[in-house]
Amino acid sequence: MSEIIEVENVAFSYSSSDIIKDISFSIETGDFVGLIGPNGSGKTTLLKIILGLLAPRKGSVHLFGQDLRQFKEWGRLGYVPQKATNIEKNFPATVYEVVSMGLLSTKKLPKTRAVSDDQKIREALSVVKMEKFGQTRITELSGGQQQRVLIAKALVTSPEILLLDEPTTGVDLDNQNSFYELLGNLNREGITIILVSHDIGRITNYVTKIASINQTLNFYGSHKEFCSRDPDHKHEHSLCLDR
Amino acid sequence: MIEILSYGFMQKAFISGILIAIACSLLGMFLLLRKFSLIGDGIAHISFGGVAFGLLFNIIPFFSALLFGLIGSLGILRLKEKSHLHGDTAIGIVSHASLGIGIFIASIASGFNVDILSYLFGSILSIKPTELALSAFLALAVITFILVYRKELFYMAFDEESAKVSGINVNFLNSMLIVLTAVTIVCSMNVVGLMLASALIIMPSASALQLKASFRNTLIYSVLISVFSVIFGLVIAYYYDFAVSGTIVIFNALIFLSLLVGRRLQTYISARKIGD
């Protein structure tokens, strides 16, 4: 397996306070990494650095072997942000239009619709079992259904990596379970996944690796290795009990 | 209707009015979705300073308003970034400073207060041909830019962070959106005047959003409402000698109210049917 994300000595601070310090790890093709840690530990900050949304104070990130500052192939990544389902009630977008946004990363000006776009959108909606809702306004869907549509938007370019930041915030328990099932299936089909979550008990059935951070990287390795060491923190302990 | 179109000044008014209506409604949709619609009012205040400056120094007010509008809009962006102020605070500071300049100039200079009124309240039928041609050309440029970048702007309105991750140059498009607003406001100064300039940006889009359609159709409805209101305003003004700007804005307000009430009624009727 090859390394597709390399994080080397990354540090980030707001004003003078450190948010994360000297974090290094690498993710291989096919990994399903659960990025865990308590509130304020820097999980979202680290994810945003990997995505190029924040510039690290120190260190570097490589995606597919390329330095992030030169990286341009954004269609190889799919991203589902935090509070993604917090969509404005009046927002005028159908499910089809939302998923089609995902295709913009693969197009150059003039960004006209290609014949194959319809097929890609239909396929992405079919993966998340939302193919019947193409012409429905996204605001008319439940939180769980909206979440599936946003996954379809992230999947429409057939990305190699899917990055999700607390994706189940505001989604009910039943829908959370089927959502994690869906992620598990996608991972089995070969998509590398990085999932930021505080809901550590729930993700343990699906992740293959755990990155536990609290400003610094406390642990990075397989779930088995994680549980075989002495858990210092309550949240780490619950992660092992639930599996 | 045929009689109106036989006059050269009315033909020009229709052409530039329709182009400006299209530019305002297209731009307005993105500003509304990003909760940034009041920047239109701010830039209108800034342009007032430019108009007064132009009248004082004998510069065509359209050009001085455009210059003030562009510098002011970029100033708002800069102030917001550098001083970490909220967007509305930055708009308030820059726009009121420019408004103050305008009022100060108007108070020390005498003799052009009548001219200033025509810029404040709009005077499409008596505007100079050069200004009319330039505003039509700029409106066309705004329309072209928005149509080319509509998908990116739509994505940014939906989720700016994801748009950035997909490689869209969010900073460039944000700056362009503000600059184009300045250009559009100055262009629409001739149609509805600076006092009501942002009305054509806000009202047609707000009305179209009541129709609960797809983004593509909402954008089309917004353009149709805007164009129809400008044509209606010009025709009514011609036959009944009403103020064009006031008529356009009242008409837009009536459309919005009708659609809002219609939508509420529809929801009420649907709820009753389910209850039965």
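Remember, predicted model here, so these are calculated numbers, not experimental data.

Cut-offs and rules
- Residues numbered from 1 in each chain as written.
- Chains lettered and ligands numbered in written order.
- Predicted model: local features only at pLDDT ≥ 70, side-chain atom pairs only at ≥ 80, totals over all residues.
- Heavy atoms only, no water.
- Helix = DSSP H or I, 4+ residues; strand = E, 2+ residues; numbered from the N terminus.
- Rg over C-alpha atoms; globule rule 2.2 N^0.38 Å.
- Buried < 20%, exposed > 50% of the residue type's maximum accessible area, 1.4 Å probe, protein only.
- Contact = heavy atoms within 4.5 Å.
- Areas by Shrake-Rupley, 256 points an atom, 1.4 Å probe, with all protein chains shown as cover.
- Pairing = 2+ DSSP bridges.
- Axes fitted to C-alpha atoms, helices over the stretch in contact; angles between N-to-C directions.
- Buried area = accessible area lost by both parts, 1.4 Å probe.
- Salt bridge = Lys/Arg side-chain N within 4 Å of Asp/Glu carboxyl O.
- Nonpolar A, V, L, I, M, F, W, Y, C, P; charged D, E, K, R; others polar.
- Phe/Tyr/Trp six-rings, centres within 6.5 Å; stacked < 30°, edge-to-face > 60°.
- Lys NZ or Arg CZ within 6 Å of the ring centre and 35° of its normal.

S.K.: Mind showing me how you'd approach the overall build of chain B here?
M.R.: Secondary structure assignment for chain B yields 12 helices and zero strands. Shown N-terminal to C-terminal, the secondary structure of chain B runs as helices and strands in the order α-α-α-α-α-α-α-α-α-α-α-α. The C-alpha atoms of chain B give 19 Å as radius of gyration, which agrees with the globular expectation for 276 residues (19 Å, within 12%). When the backbone C-alpha atoms are referred to their principal axes, chain B occupies close to 70 × 55 × 30 Å. In chain B, buried positions account for 53% of the 276 residues. In chain B, of all internal contacts separated by at least 6 residues, the share reaching a separation of at least 24 is 74%. With an accessible surface of roughly 12600 Å², chain B has 69% of that area assigned to carbon and sulfur atoms.

S.K.: What am I meant to see in the sheet that holds strand 10 (residues 216–222) of chain A here?
M.R.: As a general point, the strands of a sheet are linked pairwise by backbone hydrogen bonds and lie either parallel or antiparallel. Residue and element names in this part refer to chain A. Taken in spatial order, the six strands of this open sheet run 6-7-8-3-9-10, and their pairing is mixed. The open sheet has two edge strands with one neighbour each: strand 6 (77–80) and strand 10. If you compare each strand with its neighbour and ignore which way they point, the axes differ by 15° on average. Note that strand 6 and strand 7 (residues 161–165) share four bridges and pair parallel. What sits directly across from Y79, in strand 7, is L163. With respect to the sheet, helix 4 (residues 143–155) is in contact with strand 6 and strand 7, its orientation differing from that of strand 6 by roughly 160°.

S.K.: When you look at unusual backbone geometry in this model, what are you seeing that I'm missing?
M.R.: Most peptide bonds adopt trans geometry, and most residues besides glycine take a negative phi value. Phi is positive for E166(A), close to 45°, though the residue is something other than glycine. Structurally, E166(A) is set in the loop between strand 7 and helix 5 (173–188). On the basis of relative accessibility, which here comes to 8%, the residue E166(A) falls in the buried class. Non-glycine residue K212(B) carries a positive phi angle of around 50°. Mapped onto the fold, K212(B) is located in the loop between helix 10 (199–209) and helix 11 (215–240).

S.K.: I'm lost on the interface of chain A and chain B in this one. Help?
M.R.: Size of an interface, as often reported, equals the accessible area lost when the parts are brought together. Counting residues at the interface gives 26 residues for chain A and 25 residues for chain B. Each partner contributes to the roughly 2400 Å² buried at the junction of chain A and chain B, and carbon and sulfur atoms together form 64% of this total. Of all residues in chain A, F91(A), P92(A) and M101(A) give up the largest surface area on contact with chain B, accounting jointly for 23% of the area buried on that side. Inspection of the chain A/chain B interface yields two salt bridges. Notably, a salt bridge pairs E161(B) with K48(A), separated by 2.9 Å at the nearest N-O pair. Elements represented by at least two residues in the side of chain A that touches chain B include exactly helix 2 (95–101) and helix 4 of chain A. It is helix 2 of chain A that provides the largest number of residues to the side of chain A that touches chain B, a total of three residues. Considered class by class, the residues forming the side of chain A that touches chain B number 14 nonpolar, four polar and eight charged.

S.K.: Would you mind going over the packing of aromatic side chains with me for this structure?
M.R.: How two aromatic rings sit relative to each other is given by the distance of their centres and the angle of their planes. One pass over the structure, following the stated rule, counts 22 aromatic pairs over all chains. The interplanar angle of 90° and the centroid separation of 5.0 Å between the aromatic rings of F71(A) and W74(A) together place this pair among those described as edge-to-face. Its relative accessible area of 2% is what places F71(A) among the buried residues. Relative accessible area serves as the criterion here: at 12%, W74(A) is assigned to the buried category. Each residue in the set F91(A), F30(B), F154(B), F158(B) and F215(B) is aromatic and connected to the rest through ring pairs, giving one cluster. A cation sits over an aromatic face here: R76(A) above F64(A), 3.7 Å from the ring centre.

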